[in-house]
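Observations on the three-dimensional arrangement
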Amino acid sequence: MRKVLQVLQLVLILTFVSCGRNPSVRHIPHLGDTPYQADSVLMAYAYQPDRALVMLDSALLLGNINEYRAQLIRAKIYSKSILKQQQDSAILICEQLLKHDSVIHAPHEQENILDLLMITSRTKHDFEGYIKWATQKVEVCRQQGEESEEWRTEAEIGMVMAHLGQPEEGVTKIDEAIRHLDEPGSIDRMDAFIIAVKRKITVLNDQGCYAEVIPLAQRILDRLEHYEQHPADYAEDSYRLSWSDKPADRDRYIDFTRAQANGFLAGAYAMTGDAAHARECLSRFDQSGYGRSFSARRMIIPAQMALGMYDEAMATGDEIAYRMGSDTINDDYAVILRDRAVVARAKGRLDEAYDLMNRHANLAKVLSDSLHAGEAHYYAARYHAKEQEMKIQEAQTASRIKSIVIGVVMLLFIIAGAFSFYYRHQRMVISEKNRALVRMINGTPFVAPADETEGTEEPDEVSDSGETEESETNSALFDTIDTAIRTEQLYANASLQRQDICTRFCITRHTLNSLLAQHVGSSSFPQYINNIRMEEALPLLRENASMTIAAIAAAVGFTPANFREQFKHQYGVTPQEYRQSL
């Protein structure tokens, strides 16, 4: 029956996709085709988020992706949305994922989820939440020795500090990050440097310091050019970015970053009145692959408005409004109203401009009132939470006192019972001695009761025998589990969980923990599995020179980054350094 329901769900999903699809998109005839894979969903979500969600549900239903990975991708799609409801859903999903077993012991996964929380919080203008998640990420990076990612995140925090009314402190933090990252070393360091520069550009644009943006944007272009001319100066074995397996990703990254730099230049030149240079940079921006995307068109609206390219700017504004639907009580829609008013005034439609400016002013007031109400609600909620916390503490204190009183009373009863038992036992001993004395006097031989004369050797032997049998049984069970994990290569499953082994062998988590503690010296299941993976990885590194590091990592159940981290932690060198030493 369950399989029938799954088939019906698949039919409904495919019917929905085929009815609502774009005519230019190829029809998907079979469920096993590549669109129902995680990579295809990630490629589609930036352009067709609704379709990406349908594809994600199909991939999950087909078993092409596990539940954890599906939730992570769903949160990523929601985090890019302009709808507040989906942004809130992204936050909730990420908070739940941080508690997942596979995340608690995987710092790299924690960083990915914290990145999503930071992005979504910034989109929601929840800057306090943003700093909270960013601070957690800095701590995780510092513990793992990930310097580039640590300073990248510090630059993000500096930008938010500037937005929250601390511009000098924020810019100082960003400048410090740029100073630490401003040198070749790895692709990851280059990317962190570029992001730190972009965050300073954002702060300068907010402050209206457009002339200072131009040299910063040029620094991004210079760094990209240096990278293209001297790729040997940038290590491929990096934390976030590597083109070893997918060289096409390198071209997309360069296109995206160069396009953004040209977009920054176009906006800065336009705002400073240099229309010729602005149009030149805008032309390069439009010719890039990234420049044709929706997010790129949103970025370039201020430059288009400053250059009088009203039709292009309004087309993007119309698309934003269409995607919002009825959710128009937000800052983005307020900007659209203001831009439309400017366009109407420039084209001589004064009545329309006046109406649009009134709507903009009314919406701005609503947003301001909503912000103040939200702040009041926030502080009221904090006060209420504090009040509830104090009540809970009082109740806990009263409960502890009550427990102590009950404990003291029970202890007195126990002491009284023990004393009574001791007193009765002593009376019985004295009485028995008296009876024995009488029998001796009367010449009657004493015969001890059967239950008192029986020895204790036999129960001890039974007990020892039982313990021996139990120990042998535990050893056999552990050998069975360990052999199955190794011979069936269960360790190659990156999402292998403790519960999977418990279900397979019909044992409890407590039993498995006890077996691990007895036979490997620790009850940590992830560490036990990682040790097996390391043992299996070593011969692959020695004997399979044709296999890439990423392929070996996948073969034993690691991601490339986690494999490198675990290998270096256990052996003191990276997999690449180990292979080179051979």
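In this text the structure is predicted, and so the values were computed from the model without any measurement.

Looking now at the overall build of the chain. When its secondary structure is counted, the chain shows 27 helices and zero strands. Here the chain holds 582 residues, and 36% of them are scored as buried. Partitioning the intrachain contacts of the chain with sequence separation of at least 6 by distance along the chain shows that 58% fall at a separation of at least 24. Of the roughly 33900 Å² of accessible surface on the chain, a fraction of 55% belongs to carbon and sulfur atoms.

Here helix α9 (residues 147-163) spans 25 Å end to end across 17 residues, near enough to the 24 Å set by a 1.5 Å rise per residue. Backbone geometry just downstream of α9 places glycine 165 in the positive-phi region, at approximately 100°.

Of the positions making up helix α22 (residues 498-505), those classed as buried are Arg498, Ile501, Cys502 and Phe505. Each buried residue of α22 sits inside an arc of 100° when the element is viewed along its axis, so together they form one side. Remark: cysteine 506 follows α22 within two positions and exhibits a positive phi of approximately 55°.

Moving on to the confidence of the model for the chain. In this model, the chain carries a mean pLDDT of 77, and residues with pLDDT of at least 70 account for 79%. The weakest mean pLDDT in the chain belongs to helix α20 (residues 450-453) at 41; the strongest belongs to helix α12 (residues 210-229) at 92. Low pLDDT, under 50, characterises residues 1-37; the stretch is placed with 38 contacts to residues that sit more than four places away or in other chains. Every residue in residues 372-383 is under pLDDT 50, and counting partners more than four places away or in other chains gives one contact.

Among the structural elements, arginine 122 can be located in helix α7 (residues 107-123). Given the relative accessible area of 28%, arginine 122 is considered partly exposed. For the pair arginine 122 and serine 79, spaced 43 residues apart in the sequence, the C-alpha separation amounts to 9.8 Å. In contact with arginine 122, not counting residues within four places along its chain, are Phe127, Tyr130, Glu156, Met159 and Arg199.

What follows covers the environment of valine 335. Examined against the element boundaries, valine 335 turns out to sit in helix α18 (residues 331-346). With relative accessibility at 34%, the residue valine 335 sits in the partly exposed group.

For the rest of this paragraph, the subject is the side chain of glutamate 109. Within the secondary structure, glutamate 109 sits in helix α7. Setting aside anything within four residues of it in sequence, one finds glutamate 109 in contact with Tyr68, Leu72 and Val103.

Axis separation between α9 and helix α10 (residues 167-181) bottoms out at 7 Å; the angle between their running directions is 160°. Judged by the inter-axis angle, α9 sits roughly antiparallel to α10. Crossing hand, α9 versus α10: left-handed. For the pair α9 and α10, the contacting residues are Glu147, Ser148, Trp151, Arg152, Glu154, Ala155, Ile157, Gly158, Met159, Met161 and Ala162 in the first and Pro167, Glu169, Gly170, Lys173, Ile174, Glu176, Ala177, His180 and Leu181 in the second. When the residues that make up the contact of α9 with α10 are grouped by side-chain class, the tally is ten nonpolar, four polar and six charged.

Here we take up a nonpolar patch on the surface. The grouping of Ile404, Val408, Leu411, Leu412 and Ile415 at the surface amounts to a nonpolar patch, some 480 Å² of accessible area in total. For leucine 411, the location among the structural elements is in helix α19 (residues 350-442).

Judged by nonpolar contacts, the single largest core of 80 residues is most densely connected at Ile113 and Ile201. Look past the residues within four positions of isoleucine 113 in its chain and what remains in contact with it is Tyr68, Leu72, Cys94, Leu97, Leu98 and Val103. Ranked by size, the runner-up nonpolar core spans 29 residues in total, among them Ala484, Ile529, Phe558 and Tyr578.

Right, let's talk about the packing of α9 against helix α11 (residues 187-207) for a bit. Packing of α9 against α11 brings their axes to within 9 Å, and their N-to-C directions diverge by 5°. In terms of orientation, α9 lies roughly parallel with respect to α11. Contacts between α9 and α11 involve Glu147, Ser148, Glu149, Arg152, Ala155, Glu156, Met159 and Ala162 from the first element and Asp188, Arg189, Asp191, Ala192, Ile195, Ala196, Arg199, Thr202 and Val203 from the second. In terms of residue class, the contact of α9 with α11 is built from seven nonpolar, two polar and eight charged.

Counted according to the given criterion, the structure contains eight aromatic pairs. With a centroid separation of 6.3 Å and 85° between ring planes, the pair formed by phenylalanine 285 and tyrosine 290 is classed as edge-to-face. Judged by its relative accessible area of 0%, phenylalanine 285 falls in the buried class. In this structure tyrosine 290 comes out as buried when scored by relative accessible area, which is 13%. Members of the aromatic cluster, connected to one another through ring pairs, are Phe558, Phe563, Phe567, Tyr571 and Tyr578. The cationic tip of arginine 223 hangs over the ring face of phenylalanine 193; the distance from NZ or CZ to the ring centre is 4.3 Å. Here arginine 533 stacks its cationic end above the ring of phenylalanine 558, 5.4 Å away from the centre of that ring.

A complete count under the given rule lists 22 salt bridges for this structure. A salt bridge links aspartate 191 to arginine 152, with the nearest nitrogen and oxygen atoms 2.5 Å apart. One end of the pair, aspartate 191, is in helix α11; the other, arginine 152, is in helix α9, and 39 residues separate them in sequence. Each member of the pair, aspartate 191 as well as arginine 152, is classed as buried. Residues glutamate 535 and arginine 486 are paired through a salt bridge, measuring 2.8 Å at the closest nitrogen-oxygen approach. In this pair, glutamate 535 is assigned in helix α24 (residues 525-543) and arginine 486 in helix α21 (residues 457-487), connecting sequence segments 49 residues apart. For glutamate 535, a relative accessible area of 42% puts it in the partly exposed group. Look at arginine 486 and you get partly exposed, because its relative accessible area is 27%.

What counts, and at which threshold
- Residues numbered from 1 in each chain as written.
- Predicted model: local features only at pLDDT ≥ 70, side-chain atom pairs only at ≥ 80, totals over all residues.
- Heavy atoms only, no water.
- Helix = DSSP H or I, 4+ residues; strand = E, 2+ residues; numbered from the N terminus.
- Buried < 20%, exposed > 50% of the residue type's maximum accessible area, 1.4 Å probe, protein only.
- Contact = heavy atoms within 4.5 Å.
- Areas by Shrake-Rupley, 256 points an atom, 1.4 Å probe, with all protein chains shown as cover.
- Expected span 1.5 Å × (residues − 1).
- Arc of directions from axis to C-beta.
- pLDDT = per-residue confidence, 0-100.
- Axes fitted to C-alpha atoms, helices over the stretch in contact; angles between N-to-C directions.
- Parallel < 35°, antiparallel > 145°, perpendicular 65-115°, else oblique.
- Left-handed = near helix turned anticlockwise from the far one by under 90°.
- Nonpolar A, V, L, I, M, F, W, Y, C, P; charged D, E, K, R; others polar.
- Patch = residues over 30% accessible without salt bridge, like charges linked within 9 Å, V, L, I, M, F, W, Y side chains within 5 Å.
- Salt bridge = Lys/Arg side-chain N within 4 Å of Asp/Glu carboxyl O.
- Core = buried A, V, L, I, M, F, W, Y, C linked by side-chain atoms within 4.5 Å.
- Phe/Tyr/Trp six-rings, centres within 6.5 Å; stacked < 30°, edge-to-face > 60°.
- Lys NZ or Arg CZ within 6 Å of the ring centre and 35° of its normal.

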